[in-house]
Amino acid sequence: MSESPDRTPLPRAFFDRPVLDVAPDLLGRTLVRNSNAGRIELRLTEVEAYAGAIDPGSHAFRGRTARNAVMFGPPGHAYVYFTYGMWHCLNLVCGPEGHASGVLLRAGEILVGAEQARTRRLSARYDRELAKGPARLATALDVALSLNGTDTCAGADSPLSLLKGTPPPADQVRSGPRTGVGGDGAPHPWRFWIDADPTVSPYRAHVPRKRTS
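Thresholds, definitions, all that
Residues numbered from 1 in each chain as written. Predicted model: local features only at pLDDT ≥ 70, side-chain atom pairs only at ≥ 80, totals over all residues. Heavy atoms only, no water. Buried < 20%, exposed > 50% of the residue type's maximum accessible area, 1.4 Å probe, protein only. Helix = DSSP H or I, 4+ residues; strand = E, 2+ residues; numbered from the N terminus. Pairing = 2+ DSSP bridges. Lys, Arg positive; Asp, Glu negative; His and termini not counted. Salt bridge = Lys/Arg side-chain N within 4 Å of Asp/Glu carboxyl O. Polar contact = N/O pair within 3.5 Å; in protein donor to acceptor, adjacent residues only side chain to side chain. Contact = heavy atoms within 4.5 Å. Phe/Tyr/Trp six-rings, centres within 6.5 Å; stacked < 30°, edge-to-face > 60°. Lys NZ or Arg CZ within 6 Å of the ring centre and 35° of its normal. Core = buried A, V, L, I, M, F, W, Y, C linked by side-chain atoms within 4.5 Å.

Novice: An account of the pairing of strand S2 (residues 30-35) is requested, with residue identities and associated values reported.
Specialist: Extensive coverage of S2 is indicated by the burial of five of its six residues. Judged from the six bridges that link them, S2 and strand S3 (residues 38-50) form a sheet pairing that is antiparallel. When the sheet's bridge partners are listed, Ser 35 is paired in S3 with Gly 38. Taken together, S2 and the strand that follows it, S3, pair antiparallel across an intervening segment of two residues. The sheet contact formed by S2 and strand S7 (residues 160-165) spans four bridges and is antiparallel. Pairing of Thr 30 across the sheet is with Leu 163, part of S7.

This is the structure we're talking about:
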């Protein structure tokens, strides 16, 4: 990047918009993770939008549960879930309170704290692979269920926060089907990424699970 990232915090109003406006606008923003181990800063390069009650691919499609309650607002909070009994994934809640929607953070470029991320991502051959995929991103940033509900707009001392960063030019933003989403939600072109960025994860279509007898 030729210019220094803008370090102005993103206000809550940024997230209090429709999910399909927020998701592509998150590209190039700086995600900050503060912990006792130190500070990591990551430039977001790939995200996916999930639109709650109108989206069969969303965790909130069938209504509010204990697991997805954070998705119903307020906007600007982190929604963290555990999947496949192995991995955590990090989302940002957006839209008006009471109407569940969120953006899954799929990939990014680590700008600060790569040495810390490497200790958690020992299988990464190159730094561009440290946060290449949602589970890898969460692992590199040490994201766990304890961060579910974190207010990313609470200030610089929050465990998670967002800065304006360096958004890409509009002609570098691409969109397509979401990775691994099947059923009626499969065709939605709600995955957004920065074109030709080496940290973006490869697209994988949904593969139905085999039934066991």
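Novice: How would you explain the environment of Ala 13 if you had to name every residue and give the values?
Specialist: With respect to the helices and strands, Ala 13 occurs in helix H1 (residues 12-15). Residue Ala 13 is classed as exposed on the basis of its relative accessible area, which comes to 56%. Residues Ala 13 and Val 32 lie 19 residues apart in sequence; the distance between their C-alpha atoms is 18 Å.

Novice: Can you explain the side chain of Arg 43? Please cite residues and give values.
Specialist: By the element assignment, Arg 43 lies in strand S3. There is no salt bridge for the buried Arg 43, and the closest opposite charge comes from Asp 197, which lies 4.0 Å off by N-O distance. Here the side chain of Arg 43 touches Thr 166 through a polar contact of 3.1 Å, landing on its backbone oxygen.

Novice: Let's hear about the side chain of Ser 201: which residues, and what values?
Specialist: Following the sequence through the fold, Ser 201 ends up in the segment after strand S9 (191-194). A polar atom in the side chain of Ser 201 sits 2.7 Å from the side chain of Glu 46. In this view, Ser 201 contacts Glu 46, Arg 106, Ala 107, Lys 132, Gly 133 and Arg 191; residues no more than four positions away in its chain are not counted.

Novice: Before we move on, can you summarise the packing of aromatic side chains with the specific residues and values?
Specialist: In total, this model carries two aromatic pairs according to the counting rule given. Taking 5.6 Å as the distance between ring centres and 40 degrees as the angle between the ring planes, the aromatic pair formed by Tyr 79 and Tyr 81 counts as tilted. Accessibility assignment for this pair places Tyr 79 and Tyr 81 in one class, buried. Stacked on the ring of Trp 193, the Lys or Arg Arg 191 has its end atom at 4.2 Å from the ring centre.

Novice: Mind laying out unusual backbone geometry, listing which residues take part and the relevant values?
Specialist: Gly 73 connects to Pro 74 through a cis peptide bond whose omega is 5 degrees. Mapped onto the secondary structure, Pro 74 falls in the loop between S3 and strand S4 (78-83). Unusually for a residue other than glycine, Asp 142 sits at a positive phi of about 55 degrees. As for its position among the elements, Asp 142 is in the loop between helix H4 (134-140) and S7. Of the residues examined, Asp 142 reaches a relative accessible area of 38% and is grouped as partly exposed. Phi at Ala 196 is positive, roughly 65 degrees, even though this residue is not glycine. Among the residues examined, Ala 196 registers a relative accessible area of 71% and is labelled exposed.

Novice: Lay out the nonpolar core in plain terms, naming residues and giving numbers.
Specialist: Core analysis: the biggest nonpolar cluster contains 39 residues, and Phe 15, Leu 26, Leu 90, Val 103 and Leu 105 have the highest contact counts within it. Tallying contributions element by element places S3 first for this core, with five residues. The residues touching Val 103, leaving out its near neighbours within four places in the chain, are Val 19, Val 22, Ala 23, Leu 26, Val 47, Glu 48, Leu 90, Asn 91, Leu 92 and Cys 94. Counting residues in hydrophobic clusters, the runner-up holds 12 residues, among them Ala 60, Tyr 79, Ala 100 and Leu 104.

Novice: Explain the pattern of salt bridges to me, using residue names and the numbers behind them.
Specialist: Throughout the structure, instances matching the rule amount to 13 salt bridges. As a salt-bridge pair, Arg 7 and Glu 41 come within 2.7 Å of each other at their nearest N and O atoms. Placement of Arg 7 in strand S1 (residues 6-9) and of Glu 41 in strand S3 is noted, with a sequence separation of 34 residues between them. On the basis of relative accessible area, Arg 7 is assigned to the partly exposed category, the value being 48%. Its relative accessible area of 6% is what places Glu 41 among the buried residues.

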